[in-house]
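Here are the chains, one letter per residue:
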Amino acid sequence: MNTCGNEKVYDLVIRDGTVIDVVNECLIQANIGIEGEKIGAITKETIQGTHYIDAKGLMISPGFIDFHSHVDGKAYAAECLVRQGGTTTLGGERNLNGKIIKEIAEEGFIINHGFFVSQPFVLRDAAGVKSTYASASDKEIGVMAELAGKFMEFGACGICFPLELIPGVSQKEFIEISKVARAYNKIVTIHIRKDGSEALDTFDEIFEMAIETGVKVHLLELMYMVGMAGTMPKALELIDQARKSGIDITGDSGVYDAFTVCIGTGVFDDGWERSYGGRSYESLIVSSGIHMGERCNEKLFKELREKSPSTLITAFVGDHDAVAMALKKDYIYVSTNAADGPFYPTCGSPEVAGTFPRLIGRYVRQERELSLMEAIKKITILPARRFNLQHIGSIEVGKNADIVIFHYDTIIDRAGYVNQGSPDALPIGIHYVLVNGSVVVEKGAVVGDRKRGKFVTASDEV
Ligand SMILES: [Zn+2]
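Computed from a predicted model, the values in this text were never measured in an experiment.

Engineer: Explain the domain arrangement of the protein to me, and be specific about the residues and the numbers.
Structural biologist: Each domain of the protein was delimited in the assignment, giving domain 1 (9–61 + 400–411 + 418–446), domain 2 (63–263 + 313–386) and domain 3 (264–312). Here the C-alpha centre of domain 3 lies 41 Å away from the C-alpha centre of domain 1.

Engineer: Tell me what's going on with the pattern of salt bridges, and back it up with residues and numbers.
Structural biologist: Counting across every chain of the model gives 21 salt bridges. In this structure, E103 and K99 form a salt bridge, with 3.7 Å as the shortest nitrogen-oxygen distance. With a gap of four residues between them, E103 and K99 both fall in helix 2 (residues 98–107), about one helical turn apart. Overall, the relative accessible area of 37% leaves E103 in the partly exposed class. Close ionic contact of E367 with R362 constitutes a salt bridge, the shortest N to O distance being 3.0 Å. A relative accessible area of 31% means that E367 is categorised as partly exposed. A cluster of three or more residues bridged by salt bridges with shared partners is formed by E93, R94 and D340.

Engineer: Requested: an account of the sheet that holds strand 9 (residues 112–115), with residues and values cited.
Structural biologist: Pairing within the open sheet is parallel, and its three strands lie in the order 7-8-9. Taken across any chain shown, the strands that pair with only one partner, and hence form the sheet edges, are strand 7 (64–66) and strand 9. Strand-to-strand twist across the sheet, computed as the mean angle between neighbouring axes with direction ignored, equals 20 degrees. Pairing of strand 7 with strand 8 (residues 86–91) involves three bridges; the strand directions are parallel. Residue pairing for strand 8: F64 is matched across the bridge by G86.

Engineer: Mind laying out the side chain of T260, listing which residues take part and the relevant values?
Structural biologist: Here T260 shows up in strand 15 (residues 259–262). Side-chain polar atoms of T260 contact the side chain of T314, separated by 2.9 Å.

Engineer: Can you break down the side chain of S283 residue by residue, with the values?
Structural biologist: Relative to the helices and strands, S283 is located in the loop between helix 9 (272–275) and strand 16 (284–286). Taking relative accessible area as the criterion, S283 reaches 10% and is therefore assigned buried. Within the local environment of S283, its side chain forms a polar contact with the backbone oxygen of S280, the two atoms lying 2.6 Å apart. Ignoring anything within four residues of it in the chain, the contact list for S283 reads W272, T314, A315, F316 and V317.

Engineer: I'd like to hear about the coordination of the zinc ion, residue by residue, with values.
Structural biologist: Donor atoms from the polypeptide that coordinate the zinc ion comprise H68 (NE2), H70 (NE2), E221 (OE) and N337 (OD1), at 1.9 to 2.2 Å from the metal. Coordination at the zinc ion is irregular: its four donor atoms span angles of 80 to 171 degrees at the metal. Spacing between the donor residues of the zinc ion along the chain follows H-x1-H-x150-E-x115-N. A residue is classified by how much of its surface remains accessible, and H70, at 1% relative accessible area, is buried.

Engineer: Break down the nonpolar core for me, with residues and values.
Structural biologist: Ranked by size, the top nonpolar core spans 134 residues in total, and within it I190, L219, F259, F268 and F406 carry the most contacts. Here this core takes seven residues from helix 12 (residues 351–366), the largest share from any one element. Counting residues in each nonpolar core, the second largest holds 17 residues, with I39, L58, Y432 and L434 among its members.

Engineer: Report on the packing of aromatic side chains, specifying residues and quantitative values.
Structural biologist: Scanning all chains against the criterion turns up 21 aromatic pairs. Aromatic pair F115 and F455: ring centres 6.0 Å apart, planes at 20 degrees, arrangement stacked. Linking F115 in strand 9 with F455 in the segment after strand 22 (445–446), this pair joins segments that are 340 residues apart in sequence. Looking at F115, the relative accessible area reads 3%, which means it is buried. Residues Y256 and Y417 carry aromatic rings whose centres are separated by 6.2 Å and whose planes lie at 75 degrees to one another, so their mutual orientation is edge-to-face. One end of the pair, Y256, is in the loop between strand 14 (249–253) and strand 15; the other, Y417, is in the loop between strand 19 (403–406) and strand 20 (430–435), and 161 residues separate them in sequence. Exposure class is identical for Y256 and Y417. Each is buried.

Calculation rules
- Residues numbered from 1 in each chain as written.
- Predicted model: local features only at pLDDT ≥ 70, side-chain atom pairs only at ≥ 80, totals over all residues.
- Heavy atoms only, no water.
- Domains from an automatic or database assignment.
- Salt bridge = Lys/Arg side-chain N within 4 Å of Asp/Glu carboxyl O.
- Helix = DSSP H or I, 4+ residues; strand = E, 2+ residues; numbered from the N terminus.
- Buried < 20%, exposed > 50% of the residue type's maximum accessible area, 1.4 Å probe, protein only.
- Pairing = 2+ DSSP bridges.
- Axes fitted to C-alpha atoms, helices over the stretch in contact; angles between N-to-C directions.
- Polar contact = N/O pair within 3.5 Å; in protein donor to acceptor, adjacent residues only side chain to side chain.
- Contact = heavy atoms within 4.5 Å.
- Donors = N, O, S within 2.8 Å, 3.2 Å for Na, K, Ca; no water.
- Tetrahedral: all angles 85-135°; square planar, octahedral: opposite > 155°, others 65-115°.
- Core = buried A, V, L, I, M, F, W, Y, C linked by side-chain atoms within 4.5 Å.
- Phe/Tyr/Trp six-rings, centres within 6.5 Å; stacked < 30°, edge-to-face > 60°.

What follows is the structure in structure tokens.
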């Protein structure tokens, strides 16, 4: 910022846009002045800038926070995410290692990046618990708890328990490690132990842990866990009851009714068809590798499970109505769950490039399942508050200038499943994306040095 006479000159002025004020839940016509990495002014007055973006007719939203993805330092996945408006990603469930965190902290990244501590892949690994089926000893639990505390101090957003991937976790381990998150006023994110029709039986262990520890709990990827076989209404009922009883619990859903995951995981253990309401191999499409785009049959399924377990499979097992049902709950936010497993251009799931424009274009504008304000809050201020991200999530003076400028009448996803299109296709209607005050996406293209994103930490302040 400079001064010119008595008048302030901002580094960048976004002129004449409609600002989505998620704090006061209203839309305001205003000019935004950006000073360095921060929002310096929001005003109806004319302000001067070194550079200008003309936002007449466009919406100005806080940058979208993708608090559950598997981007985990993968540059192309982050590029897809920022082109759909994602300015912050939180990872770590499975494979965010210290080297990646160090690189992001020292050199920057395309978008902001924070992490949760993975119970199996960081804490259990460090304590030397070799098998995911083994239960940990008291001594090992002690080692994990001490290390978890160090990560909380370092700024991790919380602890992530992908229970489905660690059948050996005892209730004692679950409780003792969750207590560490509680002590630092952080959250425990949970991928529940079973999905489909068996999922409902697994809620009790979570509610018991939450009651005993008093920790904040967040259930991950609900659409992909309970969005099939008629399970969603019952799951939401259980969560409603838990909230009424005083458990501090939220969850998230994607906006797709098919999920994508590696074929070698426990998701496809014997009996998977039953828990998904009796679906057959034909409901599975291979989404990476040499068979990409092919529909499964028993022979191909068995061959890939055995010889190529990291092959991505998209399972078309979800109930379409379950997405809207989940989105109507104000405690269910939206995450992408993007870029799991091997990730390269054109493979995988459309969630990496389409989630946010699909939420706004389809579920708000076309189907009117929820209002624009409700939708934007689910991907900005609500996760920012829930995961203690103090500097992002709203357009307010002093906040980081993470901003998405989009056209409400046209915004829509174009990414498709591998058998129907391209999972990384660019959305329509997103004109600019700013990360920490710098334009990172301009008319669909990623511009600049790809280093504007920072390592983000969660504060332990309430
Ligand atoms: Zn996930």
